[in-house]
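Residue strings, one per chain:
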Amino acid sequence: MYELGLTGFEIGAIWAVFGVAILGLAYAVLLRKQTLAYDMGTPKMVQVWSAIRDGANAYLARQLRSIIPIVAVLTVAMYFSVTIAPPSLEALERFAEYSEPQVRNIIGIGRAVGFIMGAGFSLLVGQIGMRMAVHANVRVAAESRNSFGGALKIAYRAGTITGMLTDGLGLLGGTLIFIYFGLAAPDALLGFGFGGTLLALFMRVGGGIFTKAADVGADLVGKVEAGIPEDDPRNPAVVADLVGDNVGDCAGMAADIFESYEVTIVSGLILGVALYNITGHIEWIIYPLIVRGIGVLSSIIGTYVVKAGREGSSHKAMSAIFSGFLSSAAISVVLFFAAAFVYLNVLSGDSLPGGWWRTPLAVAIGVLLAILIDRMTEYFTGTDKQPVQDIKKGADTGPATLILQGLAVGYESSVWAAVVIAGTIFSSIVIFGGVGQNPIENITYILYGVAMTGIGMLTLTGNNVAMDSFGPIADNANGIGEMSWSGKTDKQTKKAQQIMADLDAVGNTTKAITKGVAIGSAVIAAVALFGSFIVDVTRAQVAIGVPLEQQMQTVGIRIDVPQVFVGMLIGGALPWLFSSFAIQAVSRAAALIVQEARRQFRLGVLKGKVKPDYAKAVSISTTAAQKELVPLALLGVITPILLGLLLGVNALGGFLAGIILSGQLLAVFMNNAGGAWDNAKKLIEDEPKNPKKDTGKGSERHKAAVVGDTVGDPMKDTAGPALNPMIKVVNLVSVIIAPVVVQLNQPLGITEFGVAGLLVAVLAWAIFTSKRSAPALKK
């Protein structure tokens with residue numbers, strides 16, 4: 001970074017950001033020590049916990065074996081993605097003492113190492129976060145027998161460990177790459193972002209299939225057919241369901257947010273370098289790193305103040321968690337403007353084009369966007385809000401009307417989410433519009449503003465991940481309590497069960513909120529990456545001598561060109577195909593779980609004649625998840641490469657526009673509809689059981705709600721969340737492959753057609769594998 005001519009303040013700021021990353025990791029270590037100090041409860045609770053821990057560890061070990069070969073292949077591909085295309089001007093300047101072929105090798109190695117680092121960090125966040133969630137759930141269940149506030153504190157701080165790992169490792173990796181590569185950092189950061197995103201896709205898809213196959217199977221055969229409570233120890237699928245909460249919601253979501261955290265900084269630095277080339281101001285690049293450091297500090301403070309009294313309710317728990325989020329938001333916004341005033345105004349002599357205030361304002365709007373999505377998602381999925389109450393009322397007339405009401409809620413919520421995101425992007429137009437000296441510069445400024453909005457939105461990643469991990473920790477704690485305290489009716493047990501039920505309901509809402517934030521950040525990051533795509537394509541066109549009037553930044557991407565429109569149609573269709581395959585995978589695996597549970601019931605499990613074999617259901621879910629994992633991931637990796645080779649770089653741009661719009665609408669719909677159905681079911685379960693009034697667990701209304709919840713499970717926990725990393729995988733692959741496509745140009749030669757034919761064959765195999773029915777279980 002020293003070749004940039006940085007001031008002493010800038011060098012100190014970068015090292016301070018590096019120090020903050022280490023501080024975030026140290027805070028995670030401190031919280032881990034505090035969490036493990038709590039009591040694990042009775043021997044029965046430890047026995048249930050051990051089964052969950054063993055199942056989760058076995059799943060992650062098998063998943064790791066499945067994805068390592070693909071990571072190895074793509075590491076080589078990352079190296080060659082640089083060596084085929086011409087190096088950027090920034091790379092040539094950074095390594096001016098080397099020849100052009102040597103620079104290609106240096107950047108190629110940097111991108112490959114960055115890919116391994118991103119994949120490794122994403123894996124660490126997911127695996128360590130999941131293991132901490134498993135350690136915490138039994139302690140939350142034990143503490144619930146003492147106080148509401150204590151149980152809330154353990155669950156939230158254990159989730160914060162994952163959040164601070166996400167913050168710390170993300171900031172650490174990005175800062176290290178910038179320190180070494182300087183202005184050429186975006187070339188290596190593309191590999192870092194892609195590694196994190198790809199691992200997130202693997203963990204999201206695999207974990208989502210596992211958790212919902214087990215959940216749907218357990219609910220259908222347990223609640224609907226056998227009429228036994230949720231998490232009843234006689235249900236052979238109950239442990240698989242609890243394991244799934246960890247591998248899906250903890251490991252998957254942590255990796256998902258981590259890659260969003262990285263992708264926003266990648267796009268921000270690419271566009272910051274573009275503005276540096278226009279204005280000569282390094283502040284466009286340094287300030288985003290400062291913002292990230294401020295976010296980590298704010299999250300440390302905000303997460304530590306979350307607490308409740310000994311007695312409480314779901315409302316008090318939600319208020320405590322949201323107060324912590326608002327505390328972090330307020331601290332961060334104040335520090336954003338303070339840092340901007342000092343760095344962008346005082347120290348730079350107020351020489352930044354457009355004034356110092358524009359960039360921190362864009363970041364602050366990103367924080368506001370996160371809060372708006374938080375509130376909007378809670379409105380559509382919260383148990384005390386009208387949409388969920390309307391769905392609950394739909395149960396009075398059966399599962400059909402309940403499902404219809406949930407669909408309507410999901411559709412409406414998707415529209416309002418799109419309006420909010422559109423308003424955010426428009427705010428960047430208002431803030432940065434007219435700053436550039438020509439239309440091309442204006443677009444670059446506006447896209448930089450969008451990237452800064454995404455960085456602001458994920459500033460409070462520590463809080464967001466803590467809220468998400470809180471959900472499965474509370475859910476698991478509730479399950480451990482249900483299995484350990486079965487048959488007990490003493491006052492302390494009833495109180496503990498109510499505390500667990502309240503925290504579980506809050507966890508459903510916090511999971512829905514963080515999924516909403518993840519979806520919103522995915523769209524903002526994808527729009528910023530779309531700008532990076534245009535910048536990188538233009539650079540590649542300049543390198544091969546394309547005239548100015550024909551470059552992408554000049555002519556744009558015209559949808560009236562047939563190839564572009566075809567690309568847009570395919571991009572719009574891909575999220576629907578991906579979601580279809582994901583839901584079918586859950587359906588097939590859930591059917592196997594149902595068959596296995598029925599088989600064990602026939603052996604006398606319900607009557608206590610034999611003990612349930614929990615390991616069998618865990619094995620079924622694990623096998624199903626690994627079978628579907630690779631084909632679904634290949635859809636996101638191969639499709640943009642194939643489209644770019646066959647239809648050209650402009651069609652690839654249309655493809656990105658299609659997938660961003662379609663994916664956002666579909667993901668929000670599935671997330672909120674599923675979350676609303678789930679909480680409507682919980683409202684009915686909390687009713688006093690009265691057969692005459694058809695209320696409470698076991699009633700016809702409850703069975704209708706279980707059907708709705710079962711339909712929504714793969715939508716909100718498998719297909720919907722997996723669309724986030726899938727959209728960003730497609731965008732990153734497109735940004736990486738775009739210079740190569742420009743270099744190859746049209747028409748294609750025999751080699752290019754051969755590569756395209758091979759990709760078509762692999763894609764066909766992926767589709768065939770996903771469509772193939774699962775074998776029936778042996779009797």
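What counts and how
- Residues numbered from 1 in each chain as written.
- Predicted model: local features only at pLDDT ≥ 70, side-chain atom pairs only at ≥ 80, totals over all residues.
- Heavy atoms only, no water.
- Helix = DSSP H or I, 4+ residues; strand = E, 2+ residues; numbered from the N terminus.
- Rg over C-alpha atoms; globule rule 2.2 N^0.38 Å.
- Buried < 20%, exposed > 50% of the residue type's maximum accessible area, 1.4 Å probe, protein only.
- Contact = heavy atoms within 4.5 Å.
- Areas by Shrake-Rupley, 256 points an atom, 1.4 Å probe, with all protein chains shown as cover.
- Lys, Arg positive; Asp, Glu negative; His and termini not counted.
- Charge placed at Lys NZ, Arg CZ, Asp CG, Glu CD.
- Salt bridge = Lys/Arg side-chain N within 4 Å of Asp/Glu carboxyl O.
- Axes fitted to C-alpha atoms, helices over the stretch in contact; angles between N-to-C directions.
- Parallel < 35°, antiparallel > 145°, perpendicular 65-115°, else oblique.
- Nonpolar A, V, L, I, M, F, W, Y, C, P; charged D, E, K, R; others polar.
- Core = buried A, V, L, I, M, F, W, Y, C linked by side-chain atoms within 4.5 Å.
- 1 Å grid on protein atoms, 1.4 Å probe; cavity = no way out; pocket = protein on both sides within 12 Å on 5 of 7 lines; lining within 4 Å.
- Points joined across faces, edges and corners; volume = space filled by probe spheres on them.
- Left-handed = near helix turned anticlockwise from the far one by under 90°.
- pLDDT = per-residue confidence, 0-100.
- Patch = residues over 30% accessible without salt bridge, like charges linked within 9 Å, V, L, I, M, F, W, Y side chains within 5 Å.
- Expected span 1.5 Å × (residues − 1).
- Phe/Tyr/Trp six-rings, centres within 6.5 Å; stacked < 30°, edge-to-face > 60°.
- Lys NZ or Arg CZ within 6 Å of the ring centre and 35° of its normal.
- Polar contact = N/O pair within 3.5 Å; in protein donor to acceptor, adjacent residues only side chain to side chain.

Right, let's get into the overall build of the protein chain. Helices and strands together make up the secondary structure of the protein chain, namely 21 helices and 0 strands. In summary, the protein chain has a C-alpha radius of gyration of 26 Å against a globular reference of 28 Å for 779 residues, a match within 12%. Expressed along its principal axes, the backbone C-alpha trace of the protein chain runs to roughly 80 × 60 × 40 Å. When the 779 residues of the protein chain are sorted by exposure, 64% land in the buried category. Put simply, of all contacts in the protein chain between residues at least 6 apart along the chain, 85% involve residues at least 24 apart. Within the structure as shown, the protein chain displays about 26,200 Å² of accessible surface, and the carbon and sulfur contribution to it stands at 65%. Looking at the protein chain, you have 58 positive and 55 negative side-chain charges, and the mean spots of the two groups are 11 Å apart.

This structure, assessed with the given rule, holds 25 salt bridges. A salt bridge links Arg598 to Glu225; its shortest N-O distance comes to 2.4 Å. Taken together, the residues span a long stretch of sequence, with Arg598 in helix α17 (residues 562-602) and Glu225 in helix α6 (residues 185-226) at a distance of 373 residues. A relative accessible area of 38% places Arg598 in the partly exposed class. Judged by its relative accessible area of 44%, Glu225 is partly exposed.

Moving on, we come to the packing of α17 against helix α18 (residues 614-647). Where α17 contacts α18, the two axes come as close as 10 Å, and the packing angle between them is 170°. One finds that α17 runs roughly antiparallel with respect to α18. Looking at the contact of α17 with α18, its residues break down into 18 nonpolar, 5 polar and 5 charged.

With that settled, the discussion passes to the environment of Asn345. Residue position: Asn345 is located in helix α9 (residues 314-346). The class for Asn345 is buried, based on a relative accessible area of 15%. When the C-alpha positions of Asn345 and Val523 are compared, they lie 31 Å apart, and in sequence the two are 178 residues distant. Not counting residues within four places of it along the chain, the set of residues in contact with Asn345 comprises Ala340, Asp350 and Trp356.

Val140, Phe194, Tyr287, Leu503, Phe533 and Phe578 are the most contacted members of the largest nonpolar core, which totals 254 residues. Those residues in contact with Phe194 that lie beyond four places of it in its chain are Leu74, Met78, Phe115, Val729, Leu732, Val733 and Ile736. Residues Ile228, Ala597, Phe601 and Val605 belong to the second largest nonpolar core, which totals 5 residues.

A few words now on the environment of Ile107. Position of Ile107 relative to the elements: it lies in helix α4 (residues 100-143). Using a relative accessible area of 2% as the deciding quantity, one classes Ile107 as buried. Considering only alpha carbons, one finds Ile107 and Ser88, 19 residues apart in sequence, at a separation of 9.6 Å.

Taken as a whole, this structure holds 6 cavities of 30 Å³ or more when the rule is applied. By volume, the largest cavity is sized at about 130 Å³. Along its surface, the largest cavity is lined by 18 residues, and Lys212, Asp215, Glu230, Asp475 and Asp678 are the ones closest to its centre. Here the element with the most residues in the lining of the largest cavity is helix α20 (residues 700-744); it accounts for 4 residues.

With their axes 9 Å apart at the nearest point, helix α1 (residues 8-36) and helix α8 (residues 283-304) run at an angle of 25° to one another. Overall, the two elements α1 and α8 adopt an arrangement that is roughly parallel. For the pair α1 and α8, the sense of crossing is left-handed. When α1 is examined against α8, the residues Glu10, Ala13, Ile14, Val17, Val20, Leu23, Gly24, Tyr27, Leu31 and Gln34 are found in contact with a partner set consisting of Glu283, Ile286, Leu289, Ile290, Gly293, Val296, Leu297, Ile300, Thr303 and Tyr304. Counted by class, the contact of α1 with α8 contains 14 nonpolar, 4 polar and 2 charged residues.

Time to look at the confidence of the model for the protein chain. In this model, the protein chain carries an average pLDDT of 86, and 96% of its residues clear a pLDDT of 70 or more. Counting interchain partners and residues more than four positions distant, the pLDDT-below-50 stretch residues 774-779 has 10 contacts.

On the surface, Phe9, Phe341, Val342, Val346 and Leu347 cluster together to form a nonpolar patch covering roughly 430 Å² of accessible area. No other element matches the 3 residues that α9 contributes to the nonpolar patch. Of note, Phe9 is situated in helix α1. Judged by its relative accessible area of 38%, Phe9 is partly exposed.

Here we take up the side chain of Thr695. For Thr695, the location among the structural elements is in the loop between α19 (649-685) and α20. In this structure, Thr695 is in contact with Glu687, Pro688, Lys689, Asn690 and Arg701, ignoring residues within four places of it in sequence.

Here the focus is α8. Helix length check: α8 (22 residues) gives 32 Å between terminal C-alpha atoms against 32 Å at 1.5 Å per residue, within 8%. Taken across its 22 residues, α8 has 19 buried, putting it largely inside the fold.

With respect to the helices and strands, the residue Val419 is situated in helix α12 (residues 399-432). Note: C-alpha distance between Val419 and Asp374 (45 residues apart in sequence) is 15 Å.

Turning our eyes to something else, we now look at α6. Side chains three or four residues apart in an α-helix point the same way, a direct result of the helix having 3.6 residues per turn. In a regular helix each residue adds 1.5 Å, so 42 residues correspond to 62 Å; α6 covers 58 Å between its end C-alpha atoms and thus fits that length. For α6, the tally of buried residues reaches 38 of 42 residues, placing the bulk of the element in the interior. Two residues or fewer past α6, Gly227 is found with a positive phi of approximately 70°.

Bringing the packing of aromatic side chains into the picture now. Under the definition given, this model contains 21 aromatic pairs. Judged by centre distance (6.1 Å) and plane angle (45°), the ring pair of Phe95 and Tyr180 falls under tilted. Placement of Phe95 in the loop between α3 (89-94) and α4 and of Tyr180 in helix α5 (residues 148-181) is noted, with a sequence separation of 85 residues between them. A relative accessible area of 45% places Tyr180 in the partly exposed class. Within the aromatic cluster, the residues linked to one another by ring pairs are Phe95, Tyr98, Tyr180 and Phe181. Over the face of the ring belonging to Trp49 we find Arg53, whose NZ or CZ atom lies 4.7 Å from the ring centre. Here the guanidinium or amino end of Arg375 rests over the ring plane of Phe322, the centre of that ring lying 3.6 Å away.

The next point concerns the side chain of Ser332. Mapping Ser332 onto the fold places it in helix α9. A polar contact of 2.8 Å, which involves the side chain of Ser332, links it to the backbone oxygen of Ala329. Ignoring any residue separated from it by four or fewer positions in sequence, one finds Ser332 in contact with Ile294, Ser298, Val367, Thr459 and Leu460.

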